[in-house]
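As a plain string of letters, each chain reads:
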Amino acid sequence: RVLPFLSMSVVALVLVVGAGKYRFDASSNPIIPEAALKRQLTIVGRIIESVTTMENKTRFLFRLEEVRDSAFVLPSQPTVLVTVVRQRKDTADIPFRYGSKVELRGQLYRPSAERNPGEFNSRAYYEAQGILLLMRVRGYRSVAILDSTIQGGGYDWLMRNIVLPVRFYILSLTDQTIGGEEGELLKGIFIGERGGIPYSTRVAFTNSGIAHLLAVSWSN
């Protein structure tokens, strides 16, 4: 009787803590002026997570530090999920790396909210992770690497010395031991590296209603 009670107590505690965190994250999100959305802006900040590449798209989390437009001043330093779409005119690659200070020009927008009952609410999903805004950047001409120096804080030390090396080790080990389409799928599920997953496989995940498995693994 004691073990079932303890198990139920732990589950209840986890649910309460999770709900509290969600409410805290939602309430602490800064208010973004609507006039700053859905228009071209030049922003400056740092890449704060590992970078993922999928076909012609590069995606990373970005801490917005400055808006180079005198008409808009964003409160605090919101986290932005950036997607850079490579264009045909882009010949040379850009070294997107964790910690780099980058200038971007693109369009800021909010994740879409639930439109129909039971529909996946991407806004709530992203906000629960502290991501308030998304940005789409078209072409490398809209990107400038200002500084590639990694800062010296504790979080940066953890990313540089533990998280990123472990990530690269998992990628290398998966290639060596499994490889092929199966290996690429496991990379997507384990650490969200979806660049090598065939288009047909991603379509199958989407049509089956389980594409969130890859999205969740990436965010974690």
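See the structure shown above.
Residues numbered from 1 in each chain as written. Predicted model: local features only at pLDDT ≥ 70, side-chain atom pairs only at ≥ 80, totals over all residues. Heavy atoms only, no water.

**Looking at the overall build of the protein chain**
Of the regular secondary structure elements, the protein chain holds 6 helices and 7 strands. The order of α-helices and β-strands along the protein chain, N terminus first, is α-β-β-β-β-β-α-β-β-α-α-α-α. Buried positions account for 37% of the 220 residues belonging to the protein chain. Considering only contacts in the protein chain between residues 6 or more positions apart, those separated by 24 or more positions represent 70%. Surface summary for the protein chain: the accessible area is close to 13300 Å², and the carbon and sulfur share equals 57%. (Helix = DSSP H or I, 4+ residues; strand = E, 2+ residues; numbered from the N terminus. Buried < 20%, exposed > 50% of the residue type's maximum accessible area, 1.4 Å probe, protein only. Contact = heavy atoms within 4.5 Å. Areas by Shrake-Rupley, 256 points an atom, 1.4 Å probe, with all protein chains shown as cover.)

**Observations concerning the pattern of salt bridges**
With the rule as written, the count across this model stands at 7 salt bridges. A salt bridge links R63 to E65; the nearest nitrogen and oxygen atoms lie 3.2 Å apart. Classification of E65 by relative accessible area gives partly exposed; the value is 30%. A salt bridge links R86 to D93, with the shortest nitrogen-to-oxygen separation between them at 2.5 Å. Where salt bridges share partners, they join E66, R68 and E103 into one cluster. (Salt bridge = Lys/Arg side-chain N within 4 Å of Asp/Glu carboxyl O.)

**Let's talk about helix α4 (residues 180-191)**
The terminal C-alpha atoms of α4 lie 17 Å apart, and with 12 residues this matches the ideal 16 Å at 1.5 Å per residue to within 8%. Within α4 the residues assigned to the buried category are G183, E184, K187, G188 and I191. The buried residues of α4 occupy an angular sector of 145 degrees when projected down its axis, which confines them to one face. Along α4, exposed side chains directed more than 90 degrees from the buried face belong to E181, E182 and F190. (Expected span 1.5 Å × (residues − 1). Arc of directions from axis to C-beta.)

**Considering the environment of M135**
By the secondary structure assignment, M135 is in strand β6 (residues 131-138). Judged by relative accessible area, M135 falls into the buried class, the value being 1%. For the pair M135 and R105, spaced 30 residues apart in sequence, the C-alpha to C-alpha distance is 9.1 Å. Excluding its chain neighbours within four sequence positions, the residues that come into contact with M135 are L41, I43, V80, L81, V82, T83, L104, R105, G106, Q107, L108 and Y109.

**Notes on the side chain of D90**
Along the chain, D90 turns up in the loop between β4 (79-85) and β5 (101-109). Buried within the structure, D90 lacks any salt-bridge partner; its nearest side chain of opposite charge belongs to R86, at an N-O separation of 5.3 Å. A distance of 3.1 Å separates the side chain of D90 from the backbone nitrogen of Y140, its partner in a polar contact. (Lys, Arg positive; Asp, Glu negative; His and termini not counted. Polar contact = N/O pair within 3.5 Å; in protein donor to acceptor, adjacent residues only side chain to side chain.)

**Looking at a nonpolar patch on the surface**
There is a patch of nonpolar side chains on the surface, built from W157, L158, I162, V163 and V166 and spanning about 410 Å² of accessible area. Residue placement: V163 occurs in helix α3 (residues 154-177). (Patch = residues over 30% accessible without salt bridge, like charges linked within 9 Å, V, L, I, M, F, W, Y side chains within 5 Å.)

**A word on the packing of aromatic side chains**
Using the criterion set out here, one finds 3 aromatic pairs in the structure. Ring centres of F60 and F62 lie 6.5 Å apart, and the angle between their planes is 55 degrees; on these two criteria the pair is classed as tilted. F62 matches F60 in its accessibility class, with the two residues each being buried. (Phe/Tyr/Trp six-rings, centres within 6.5 Å; stacked < 30°, edge-to-face > 60°.)

That is the geometry; function is a separate question.
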